[in-house]
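Chain by chain, the residues run as shown.
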Amino acid sequence: MKKLTVSVLIIISAIAAHGQQKSVTNFDLDKIWSGYFDERKYVVHLMNQSPKFAWIQSDTGAGPQVILALDFNTTRIVDTLFSNQIKRDSDSLATTFTYFQDFQFSPDDSKILVQTQIEPYNNISQKAFNYVWDVDKKILNVVSANGKQLCPAFSPDSKYLSYILDGNLYLMDIDKNKTIPITVDGAPGEFIYGMADALYENGFGITKAYDWSADGRYIAMLRFNENTVKQYPITTYERSYAEIRRQRYPLAGEMVPDVKAFVYDITNKLFISVDVGVNPDQYITGIKWAPDNKTLLVQKLTRDQKRLEVLKTDAITGKSTVLFTEERPANYVAIQPSNIWFIDNGKSFLWLSETNGFRHIYNVSLDTAGMQPLTSGKWEVISVEGTDDSKKEIFYTSDEIGSRQKHLYKIGYDGKNKTRITTGAGYHDVAVSNDKRFFFDEFSSINTPSVYQAVSINGKDPKKLIENKELKDRMKDFGIPDADFFTVKANDSMVMNGWVIRPYNNFKSKLPLVLYVYGGATRQEAIDKWNDKFTLTMRWLANQGYIVACIDPRGTPGKGEAFRKSNYKSPGDIEMEDLLKVRNFLLRTYRIDTANTAVMGWSYGGYLAALAQTKYAGQFKAAVAIAPVTNWRFYENVYSERLLGLPSENAEGYKQASPITFTDNYREGLFLVHGTADDNVHLQNSLELSKQLTNSRKSNFDQHFYADKTHTLSDGTPNILRISLYTRINDFLKKELK
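Thresholds applied
- Residues numbered from 1 in each chain as written.
- Predicted model: local features only at pLDDT ≥ 70, side-chain atom pairs only at ≥ 80, totals over all residues.
- Heavy atoms only, no water.
- Buried < 20%, exposed > 50% of the residue type's maximum accessible area, 1.4 Å probe, protein only.
- Helix = DSSP H or I, 4+ residues; strand = E, 2+ residues; numbered from the N terminus.
- Pairing = 2+ DSSP bridges.
- Phe/Tyr/Trp six-rings, centres within 6.5 Å; stacked < 30°, edge-to-face > 60°.
- Salt bridge = Lys/Arg side-chain N within 4 Å of Asp/Glu carboxyl O.
- Axes fitted to C-alpha atoms, helices over the stretch in contact; angles between N-to-C directions.
- Polar contact = N/O pair within 3.5 Å; in protein donor to acceptor, adjacent residues only side chain to side chain.
- Expected span 1.5 Å × (residues − 1).
- Arc of directions from axis to C-beta.
- Contact = heavy atoms within 4.5 Å.
- Core = buried A, V, L, I, M, F, W, Y, C linked by side-chain atoms within 4.5 Å.

A. Structural view of the pairing of strand 31 (residues 381-388). Where burial is concerned, most of strand 31 is hidden: six out of the eight residues are buried. Pairing analysis gives six bridges linking strand 31 to strand 32 (residues 393-398), with the strands arranged antiparallel. If you follow glycine 386 over to strand 32, its bridge partner there is phenylalanine 395. Connecting strand 31 to the next strand, strand 32, in antiparallel fashion are four residues, including lysine 392 with a positive phi near 55°.

B. The arrangement of the packing of aromatic side chains in detail. Per the stated rule, a full pass over the model turns up 39 aromatic pairs. Ring plane angle 50° and centroid distance 4.8 Å describe the contact between tyrosine 264 and phenylalanine 271, whose orientation is recorded as tilted. For phenylalanine 271, a relative accessible area of 35% translates into the label partly exposed. On the basis of an interplanar angle of 80° and a centroid distance of 5.8 Å, the ring pair of tyrosine 635 and tyrosine 639 is categorised as edge-to-face. Each of the two residues, tyrosine 635 as well as tyrosine 639, counts as buried.

C. Here's a closer look at the pattern of salt bridges. Here the structure, examined in full by the defined rule, presents 33 salt bridges. Salt-bridge contacts for glutamate 561 lead to arginine 328; the nearest nitrogen and oxygen are separated by 2.9 Å. Remark: arginine 328 occurs in the loop between strand 26 (320-327) and strand 27 (341-343) and glutamate 561 occurs in helix 6 (residues 561-564); sequence separation between them is 233 residues. For the pair shown, glutamate 561 and arginine 328 are each scored as buried. Connected via shared salt-bridge partners are Glu326, Arg328, Glu354, Glu561, Arg564 and Lys565.

D. Spotlight on the sheet that holds strand 27. One open sheet accounts for four strands, arranged 27-28-29-30; its pairing is antiparallel. Edge positions in the sheet fall to strand 27 and strand 30 (371-373), since each of these pairs with one other strand and no more. With direction set aside, neighbouring strand axes in the sheet form an average angle of 35°. Both strand 28 (residues 348-353) and strand 29 (residues 360-365) contribute to a ladder of six bridges, which runs antiparallel. From the neighbouring strand, leucine 350 faces strand 29, where its bridge partner is asparagine 363.

E. Quick look at unusual backbone geometry. The omega torsion of the bond from threonine 717 to proline 718 falls at 0°, within 30 degrees of zero and hence cis. Mapping proline 718 onto the fold places it in the loop between strand 46 (702-706) and helix 12 (720-736). With a phi angle near 55°, threonine 75 is a residue other than glycine that sits in the positive phi range. Here threonine 75 lies in the loop between strand 4 (65-71) and strand 5 (77-83). The phi torsion at aspartate 708 lies on the positive side, around 65°, for a residue other than glycine.

F. A look at helix 9 (residues 637-644). The buried fraction of helix 9 amounts to eight of the eight residues, a majority that puts the element mostly inside the structure. Every buried residue of helix 9 is listed here: Asn637, Val638, Tyr639, Ser640, Glu641, Arg642, Leu643 and Leu644. Where helix 9 begins, one side-chain oxygen reaches toward the backbone nitrogen of valine 638, 2.8 Å away; that side chain belongs to glutamate 636. Count one or two residues on from helix 9 and you reach glycine 645, which has phi positive near 80°.

G. Structural context of helix 11 (residues 684-695). Taking 1.5 Å of rise per residue, the twelve residues of helix 11 would be expected to cover 16 Å, and the 16 Å separating its terminal C-alpha atoms lies within 8% of that figure. Of the positions making up helix 11, those classed as buried are Asn685, Ser686, Leu689, Ser690 and Leu693. Considered in projection along helix 11, the buried side chains sweep an arc of 130° and stay on one side of the axis. Of the surrounding secondary structure, the elements contacted by the buried residues of helix 11 are helix 8 (604-612), strand 45 (670-675) and strand 46. Once helix 11 finishes, arginine 697 follows within two positions and takes phi at roughly 65°, a positive value.

H. The nonpolar core, seen in detail. Formed by 59 residues in total, the largest nonpolar core has its most connected members in Tyr200, Tyr210, Met221, Val263 and Phe349. In terms of residue count, strand 18 (residues 218-225) provides more of this core than any other element does, six residues in total. When neighbours within four sequence positions are excluded, tyrosine 200 is seen to be in contact with Gly205, Ile206, Phe224, Val259, Gln282, Tyr283 and Ile284. Residues Leu511, Leu579, Leu580 and Phe585 belong to the second largest nonpolar core, which totals 56 residues.

I. Molecular detail of the environment of isoleucine 180. Position of isoleucine 180 relative to the elements: it lies in strand 15 (residues 178-181). A relative accessible area of 26% places isoleucine 180 in the partly exposed class. Residues isoleucine 180 and leucine 169 lie eleven residues apart in sequence; the distance between their C-alpha atoms is 9.1 Å. When residues no more than four places from it in sequence are discounted, the contact partners of isoleucine 180 are Tyr160, Tyr170 and Leu171.

J. Highlighting the sheet that holds strand 45. The mixed open sheet is built from eight strands, whose spatial order is 39-40-42-41-43-44-45-46. In the strand order of this sheet, the two ends are held by strand 39 (483-489) and strand 46, each with one partner. Strand-to-strand, the axes of this sheet are offset by a mean angle of 20°, without reference to chain direction. Relative to strand 42 (residues 547-552), strand 41 (residues 511-517) runs parallel, the two sharing five bridges. If you follow valine 517 over to strand 42, its bridge partner there is isoleucine 551. Strands in contact with helix 7 (residues 573-589) are strand 39, strand 40 (495-501), strand 41, strand 42 and strand 43 (592-602); relative to strand 39, the strand with the most contacts, it is inclined by about 120°. Against the sheet, helix 12 engages strand 41, strand 43, strand 44 (622-626), strand 45 and strand 46, with an angle of about 160° to strand 44.

Rendered as structure tokens:
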């Protein structure tokens, strides 16, 4: 089930009533990170059996918190499905249930999973206390009192709820309110059933690693044996004696988890081992049941990530044969999480592949493995949003009209009659209704906050739910500058996207340049989408007297395989070449002080910033490197080896890609920032760079470490950590860019 977040402005009535004009000087970090410009979040889910959607409505006063159902046809409230003021007919007073943050429907909509006290677990996954609400019986049952659960899912018949707790897979018989353990030997850091470990989550974007068969008789699952993976110590300093938490973290070249696949027969309480080979030095990157309840598709990737096999498994015997193979001998196969959508009554399935150089949809026969391309062109499919067997139509999102944008399309099973559905330049995050007659659309652009609307599937008659008019008016009061898009040629065939922000006030003198970059193959930054806190912070920084720009260099997604894999075996060099091209373009185009330019980045972008002041010293006067990778041998193996191969096979490549190798080149202007409890890019990266700079007799660099903070360098609201971070960055830039 797809989750969307809908937002409306938190209105501060006293300020709105006075209509007081704000000056630019009042647009500050405290307002950005303390909630003044925040949007109130509405969590939205589509119902499974009717053309309705539902969201959490919270009263700003002392009233109840409820889940409301709205009809797509009218966008009017038709039912209250749950309230935290629980009152049955026999009760004289309502029982107040705790504040809840999310929910999901069972397949028949008769039950609602209510989630409270949600917190991050790994990079993507979350854990929570879960409750099941029976809509008709008005009964609320706790899923487990033994700890927060992960990856909950209803069975296809809505009678059971499956979940992960302490590495084990459990079933809850909802009607009997009884818990049934499926596995018993699981334990975090040892054996994990049904969910990905941190390596797979970070490297492949996988969280839930189990799947129900359509008849509800079987559960297929992966088991991660992490005992083969070395432990990495992470120190925290909150107590008198520092404490060490040990994290399973395979560095580049080290042993990976041994992953096996099993089918569990619920009726007979029987485990069937799936044949995935005996090689522990491989990855199992996906499992998916076919609608026939007999066939399981398993994705198996080689350690070098150059060969992906899709196995066709007999669920009764566990025997497997190779259905088809994808290979990229020159680089690597890109993994798409949940990359199978069955159509045509299970006779075939949709598959996203870069076979023709761009990510497109293919129709794959389950019997013959014949692949028919359904989309094509020099653009990328982003995701499949739904299918309609009755009309033989596929709904998908793509960047066909521009790699900054995202739009909804439909196309036939035969690849004909392609139609663009969404209108309006920008970014459309959508969810298609169960009857394929409507879709829910969150639409924004880089300078315009989101509009939330229910739209007919033909794209006509949009019913706007929230337009954020108050937020737009407030931004005008504060003199917030717009971001303007630009493009720069990377080479004769490739073009990079970027945006630039100039101060709201028209400075007459030339200004320093701050160039922000993320880079890396997982994310685009320069897209046409509203991103309140980050871009507001960049707009604030511009108002401090800078030209602020952002660029997606080669190595980033959205522009095809060749663009994204340009940095294969030589990460950093291609991106630095692109950064210099962008810098020179901006120097020619805007009034910039050519002697005062800086680069700033986080994570992979922090790596590029550190590389700019070492291997490419002298090109930028200053650099801010936040949580940077400084040696790819210090980073986890999936990502590092995808870029550089095994260290034993490419030792020189690892050496040339490391800022630590080039500290003798360093001249000036580096600011290192890191959280001491970072469990993604470990603090070791910044400490080793700092140590080697010192060994190279370099002392003119700054560094700041946030105690006990992780990779996000974030706390709460007000987000004191982010206010501190960007204040320090501004102070550093003022000092360096004189």
